[in-house]
Amino acid sequence: MNGQLIKSQGSMGTAPVFLAAISTILGAIMFLRFGFAVGNVGFIGTLVIILIGHAVTIPTAMALAEIATNQKVEGGGEYFIISRSFGIIPGSAIGISLFFSQAISVAFYTIAFAEAFRPVFAWLAVTYQFTITDARIVSLPAVILLGVMVITKGADVGIKLLYWVVGVLFISLLLFFLGSTDYTKVLSYHNFIDTVEAPNNFFLVFAICFPAFTGMTAGVGLSGDLRDTKRSIPLGTLTATLVGMLVYIAIAYKLAVSASPADLIGDQLIMAKIALWGPIIPIGLACATISSALGSALVAPRTLQALASDDILPFRPLAAWLAKGKGPSSEPRNSSIVVFGLAVLFVMMGDVDFVAQVISMFFMVTYGSICLISFLEHFAADPSYRPAFRSKWYISLFGAIACIWLMFKMSMPYAIVSILVMVALYLWISYSNPDRRGLASIFQGAIFQVSRQLQIFLQKSTRLSTEERWRPSVVCISSHSFERLDAFNLLRWISHRFGFGTYIHYIEGYLSRESVAVSRDVFQRLVRLTAVSHSNIYVDTMTSPSYTTAISQLAQLPGISGKENNLILFEFSREHQEDLNDIITNFRMVAASDFDICILGSTSRNYGYHREIHVWITPDDYENASLMILLAYIVLGHPDWEEGEIKLFASFPSNEIDEQKERLLGLIRDGRLPISAKNVELIPADSGTSRKDLIATQSRDADLIIIGLVSEALFHQKEKIFEGYDNLGNILWVNTKNEIQLSREETTESEEVVPGEDDGSVVVVAPEETTPAV
């Protein structure tokens, strides 16, 4: 279906873009409510309103021109730009709201068109005693006739009519500027600041007048019918925006010097009393409103047609019918029927004040989105983004922020309603199209650039810094990612808040077409695993002919945080130890690279109930103690271990208990760990009991056991050092190259260390919330 829009060859030039935009900008509010603005806030205040309004519209026009000169803008105009930049799902959510605002605008402008006949109604009542109170006698036939013309004749006839309408509009403005009154004989500063005695709030006046400035994107909806989109959209849109701003400034000045503030507020057709020929103003009002209605009537069907062509709508037969075009230019006849059906419905309702305010909010959402796209594209540094016309990033950012700010300034209730409707549309479309591109990719390019700059900054700061502040940056390798999740979960807990984790799935073999396909499939499975586990792990795959070459590559991987990796995590199954020999063989190479090393021995018990972490310390592995305690603390910080606790066991010969107690007290004090008296135990070790027997007795119900690993012992005992722990849960062996200092400057008065009872326990009295300074 989309090919119908892409293959169509447009025939229009720049003039239709300019006319559609300027006819919407110079609309009903210019004739009916601009005198109200000058009467309430004066010429200076009105000038400020014009400038603030164009602080949104000019950045939007520039952003629109920039995006349009980078890519071919197909049918749908604003919707096409937003959906192809933001992604189909968020773009279509904005597109649907944009469509409704455009379609309902047809009704809104038609109702305003009927207001031009109020003088005629008054004349009929005076002359023929024929009273007409319901303006729908004009608006309903008008919208029906307009619909018949657009549906049967298409955009070409609409554009021809647009030329005549805009011509009359400018004639009415010319006669208005040529007119004069006796109000001002000599100009003074009072003409520019005078207001009525009790003027309305500035932002209320702004909210009433702002829709007058919001028509500059109307011509973009004709993008599918243009010969040269990259030229016509920027030139037509920017020209209409600037011309409209100048015209509004001139009208405000003319009103300020031609009538008193009271007259400006009291007569909504005051321009007729100022003009050289008064009747031209109601005629101009009729032309302005019908031209705005016509502009919306030409744009709305093309937006709906583009939405249907993208297969976003859940009702496929209806979408196919709406996407169907007629003729070589794929004229959206079917979509036009829907647009005018909605217009007739809202015209029959009569009062569309509520809808009109929500329409303004939806337009603000659209303009803010366009400015945000332009801003993000500046920072994404995408090589494919090479627009012929470039705005400035700070102009686009200002436009996006101004849109949000003005939405809430104009009307907070309507702003909230608009945002809630947008969220509901997004959720509905996401549910109906689960495979489409969503919000996750909106800021991808900009985030990549921010991440790159942060990594470079961190790398430079690390090189210049002399402080040793350790933070775990862990890289784990395993070929059993989907058979054993223990290593993945441990890495998930470490990288939850305090650390950074990289998980590598090892694929044995040489790089080939087949291995690349396998690698991509495994990678997608890993990404899904990180998504369902809500983890902060960076995942990847590595294909290498041997485990040793894979470890060599792993040791050279850059850290994802901008800091170098400092800890490597190995894993093996204690029930099937076929991977253990490879780990021991490559241990010396990894240790020589100044990495801390952890080896996880998992069992079918996994991590039990996540209640107890037992840390075992001996005199031989004091250098590992700090890292062991720190890892226990980090794991305990994950929500999965919310009800968990750390128990610290220290086993020493009986004759060394007092000495080792003082040494352990200093370690705990410097670490500032919230360990209660019952959770720290010194165990005198007699000559007949081995450490493995003590661990088997004391930690048989532990969910995770952390034990120090001495390099020399591993080289000497090899596999035997991991044996003798039957019937225990998961065990983490820890080896550190350099002892990690868990220190603080001084002991606070609220912290006190006291000896325990005769069982050798140590009591640490500390504040409840403490964090180790690493």
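Remarks on the overall build of the protein
Consideration 1: The helix and strand tally for the protein stands at 28 helices and twelve strands.
Consideration 2: Excluding contacts between residues fewer than 6 apart, the proportion of contacts in the protein whose partners are at least 24 apart in sequence is 83%.
Consideration 3: With an accessible surface of roughly 34,700 Å², the protein has 58% of that area assigned to carbon and sulfur atoms.

Section: the confidence of the model for the protein
Consideration 1: Taken over all residues, the pLDDT of the protein has a mean of 79, while the share at 70 or more is 81%.
Consideration 2: Every residue in residues 1-8 scores below 50 in pLDDT, and together they form 22 contacts with partners more than four places removed in sequence or on other chains.
Consideration 3: Below a pLDDT of 50 lies the segment residues 743-774, which in the model reaches 57 contacts outside its immediate sequence neighbourhood of four places, other chains included.

Quick word on the packing of aromatic side chains
Aromatic ring pairs: the centre-centre distance and the angle between the two ring planes describe each pair.
Consideration 1: Summed over the entire model, instances satisfying the criterion amount to 21 aromatic pairs.
Consideration 2: Between the aromatic rings of Phe-572 and Trp-733, the centroid separation amounts to 6.3 Å while the plane-to-plane angle is 25°, which identifies the pairing as stacked. With Phe-572 in strand E4 (residues 567-573) and Trp-733 in strand E10 (residues 730-735), this pair connects stretches of sequence that are 161 residues apart.
Consideration 3: Take Trp-733: its relative accessible area is 1%, and that puts it in the buried class.
Consideration 4: Among the aromatic residues, ring-to-ring pairing joins Phe-572, Phe-722, Tyr-725 and Trp-733 into one connected group.
Consideration 5: The ring centre of Phe-482 lies 3.8 Å from the NZ or CZ of Arg-525, which sits over that ring.
Consideration 6: Here the guanidinium or amino end of Arg-588 rests over the ring plane of Phe-715, the centre of that ring lying 3.8 Å away.

So, the state of the cysteines
Consideration 1: Within the structure shown, the criterion is met by zero disulfides.
Consideration 2: We note that Cys-403 lacks a disulfide partner, and the nearest cysteine sulfur, in Cys-371, lies 5.3 Å from it.
Consideration 3: For Cys-403, a relative accessible area of 1% translates into the label buried.

Digging into helix H19 (residues 412-432)
Consideration 1: Between its first and last C-alpha atoms H19 spans 30 Å; for 21 residues at 1.5 Å apiece the expected length is 30 Å, and the two agree.
Consideration 2: Those residues of H19 lying buried are Tyr-414, Ala-415, Ser-418, Met-422, Leu-425, Tyr-426 and Ile-429. Seen end-on, H19 carries its buried residues on one side only, within an arc spanning 115°. What points out from H19, more than 90 degrees from its buried face, is the exposed set Pro-413, Leu-420, Leu-427 and Tyr-431.

Considering the pairing of strand E7 (residues 645-653)
Consideration 1: Examined bridge by bridge, strand E6 (residues 612-617) and E7 share six bridges and lie parallel to one another. Note that in E7 the partner of Trp-616 across the bridge is Phe-649.
Consideration 2: The β-α-β motif built from E6, the intervening helix H25 (residues 622-636) and the parallel element E7 has right-handed crossover chirality.

Notes on the side chain of Ser-699
Consideration 1: Structurally, Ser-699 is set in the loop between helix H27 (691-698) and strand E9 (704-708).
Consideration 2: Given a relative accessible area of 0%, Ser-699 falls into the buried group.
Consideration 3: If we ignore the near neighbours within four places in the chain, the residues touching Ser-699 are His-614, Trp-616, Phe-649, Leu-694, Ile-705 and Leu-728.

Examining the pairing of strand E5 (residues 596-602)
Consideration 1: With seven of seven residues buried, E5 lies mostly within the body of the structure.
Consideration 2: Here E5 shows no split at all, with Asp-596, Cys-598, Leu-600 and Ser-602 on one side and Ile-597, Ile-599 and Gly-601 on the other all buried.
Consideration 3: In this sheet, E5 lies alongside E4 in parallel orientation, the contact comprising seven bridges. Across the sheet, the residue bridging to Glu-571 is Leu-600, located in E5.
Consideration 4: What joins E4 to E5 is helix H24 (residues 580-592), and the crossover it makes is right-handed.
Consideration 5: The pairing of E5 with E10 spans five bridges and is antiparallel. In the sheet register, Cys-598 faces E10, and the bridge partner there is Val-734.

Describing a nonpolar patch on the surface
Consideration 1: On the surface, a nonpolar cluster with roughly 730 Å² of combined accessible area is contributed by Ile-404, Phe-408, Met-412, Ile-416, Ile-419, Leu-420, Val-423 and Leu-427.
Consideration 2: Of all elements in the fold, only helix H18 (393-410) and H19 reach the threshold of two or more residues within the nonpolar patch.
Consideration 3: Residue contributions to the nonpolar patch peak at six residues, all from H19.

Concerning the pattern of salt bridges
Consideration 1: Enumeration according to the criterion identifies six salt bridges in this entry.
Consideration 2: Among the ionic pairs, Glu-571 bridges to Arg-484, the shortest N-O distance being 3.0 Å. You can see Glu-571 sitting in strand E4 and its partner Arg-484 sitting in the loop between strand E1 (473-478) and helix H21 (486-494), a full 87 residues away along the chain.
Consideration 3: Looking at Glu-571, the relative accessible area reads 5%, which means it is buried.
Consideration 4: Look at Arg-484 and you get buried, because its relative accessible area is 13%.
Consideration 5: Notably, a salt bridge pairs Asp-579 with Arg-484, separated by 3.2 Å at the nearest N-O pair. Here the residue Asp-579 occupies a position in the loop between E4 and H24, and Arg-484 occupies one in the loop between E1 and H21, the gap between them amounting to 95 residues. Take Asp-579 and Arg-484: they sit in the same class, and that class is buried.
Consideration 6: Among the charged side chains, a network of salt bridges with common partners joins Arg-484, Glu-571 and Asp-579.

The rules behind the values
- Counting starts from 1 at the beginning of each chain's written sequence and moves along it residue by residue.
- Thresholds applied to this predicted model are a pLDDT of at least 70 for local features of residues and 80 or more for the giving and counting of side-chain atom pairs; totals over whole chains, interfaces and linings are not thresholded and use all residues.
- Side-chain measures were taken over the full set of non-hydrogen atoms in the model, leaving aside hydrogen atoms and water.
- Helix and strand labels come from DSSP, where a helix needs a run of H or I of at least four residues and a strand needs a run of E of at least two; each type is numbered from the N terminus.
- Only heavy atoms matter for contacts: two residues are in contact if any of them lie within 4.5 Å across the pair.
- Values of accessible area rely on a 1.4 Å probe in the Shrake-Rupley scheme; residue burial ignores everything except the protein chains shown.
- One number per residue, pLDDT, summarises how confident the predictor is, and it ranges from 0 to 100.
- Here a Phe, Tyr or Trp ring, Trp counted by its six-membered ring, pairs with any other such ring whose centre lies within 6.5 Å, and the pair is stacked when the planes are under 30 degrees apart, edge-to-face when over 60, and tilted otherwise.
- Type-normalised accessible area, obtained with a 1.4 Å probe on protein chains alone, sets the label of each residue: buried when under 20%, exposed when over 50%, and partly exposed for intermediate values.
- Working rule: Lys NZ or Arg CZ, within 6 Å of ring centre, within 35 degrees of ring normal, means a charge sits over the ring.
- Whenever a pair of cysteine sulfur atoms sits within 2.5 Å, that pair is classed as a disulfide.
- By definition here, a helix of n residues has an expected span of 1.5 Å times n minus one.
- Throughout, the arc means the angular range of directions from the helix axis out to the C-beta atoms.
- Between any two strands, at least two bridges found by DSSP are needed for them to pair.
- Whether a crossover is right-handed depends on one test, that the path from the first strand over the helix to the second runs clockwise when the strands point away from the viewer.
- Note that patches include only residues with greater than 30% relative accessible area and no salt bridge, and the join distances are 9 Å for like charges and 5 Å for nonpolar side chains (Val, Leu, Ile, Met, Phe, Trp, Tyr).
- For this analysis, a salt bridge means a side-chain nitrogen from Lys or Arg found within 4 Å of a carboxyl oxygen belonging to Asp or Glu.

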